[in-house]
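# Observations on chain architecture
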Amino acid sequence: MLTNVRHYEALGHVDQALLHVAKGLATGLPADLVVIDLRDALHHLGTITGQVTTDEVLGTIFSRFCIGK
């Protein structure tokens, strides 16, 4: 269950990237080209797990939580 719109959208990107990976493998695309889509999927998963952070994500986090004054 996802409660965050950003996570939902990231999983949509993961799904699309993995579909491209599967299609590339099925059509015999060279591995160095397939890995581009695989890295894209891993990047979007990383935005959910915290492995990848962006200024936008950090801005959202800090705007929602009050850090001690």
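Residues numbered from 1 in each chain as written. Predicted model: local features only at pLDDT ≥ 70, side-chain atom pairs only at ≥ 80, totals over all residues. Heavy atoms only, no water.

## Brief notes about the overall build of the protein
Note the cut-off: Going along the chain from the N terminus, every DSSP run of H or I of four or more residues is numbered as a helix, and every run of E of two or more is numbered as a strand. Throughout this description, buried means an accessible area under 20% of the type-specific maximum (1.4 Å probe, protein chains only), exposed means over 50%, and partly exposed covers the range between. Only the protein chains shown count as cover for residues, with accessible areas throughout obtained via the Shrake-Rupley method and a probe of 1.4 Å.
In terms of helices and strands, the protein carries three helices and zero strands. Element order for the protein, N to C, with α for helix and β for strand: α-α-α. Among the 69 residues that make up the protein, the fraction classed as buried is 17%. Carbon and sulfur atoms make up 62% of the accessible area of the protein, which totals about 5,500 Å².

## As for the side chain of histidine 7
Let me state the cut-off plainly: Residues adjacent in sequence count toward polar contacts only when both atoms are side-chain atoms; beyond that, a polar contact is any pair of N or O atoms within 3.5 Å, and within protein one must be able to donate a hydrogen and the other to accept it. Contacts: residue pairs with any heavy atoms within 4.5 Å of one another.
Mapped onto the elements, histidine 7 comes out in helix H1 (residues 5–26). Histidine 7 gets classed as buried once you look at its relative accessible area, which sits at 19%. There is a polar contact of 3.2 Å between the side chain of histidine 7 and the side chain of arginine 6. With residues up to four places along the chain from it excluded, the contact list for histidine 7 reads Leu2 and Ile48.

## Some words on H1
Every α-helix winds through 3.6 residues per turn, so residues three or four apart in the chain are directed the same way. Going by this rule: Here the expected span of a helix is defined as 1.5 Å times the quantity of residues minus one. This arc is built from the directions going out from the helix axis to the C-beta atoms.
Relative to the 32 Å expected for 22 residues at 1.5 Å per residue, H1 spans 32 Å between its end C-alpha atoms, a close match to the ideal helical length. Those residues of H1 that fall on the buried side of the exposure criterion are His7, Ala10, Val14, Ala17, Val21 and Gly24. What you see down the axis of H1 is that its buried residues fit within an arc of 100 degrees, all on one side. Summarising the geometry of H1, the exposed residues directed more than 90 degrees from the buried face are Val5, Tyr8, Lys23 and Ala26. Where the residues of H1 are buried, they touch helix H2 (31–49). Among the residues of H1, the N-terminal cap falls to asparagine 4, whose side-chain oxygen and the backbone nitrogen of arginine 6 are separated by 2.7 Å.

The values reported here are purely geometric and, on their own, carry no functional implication.
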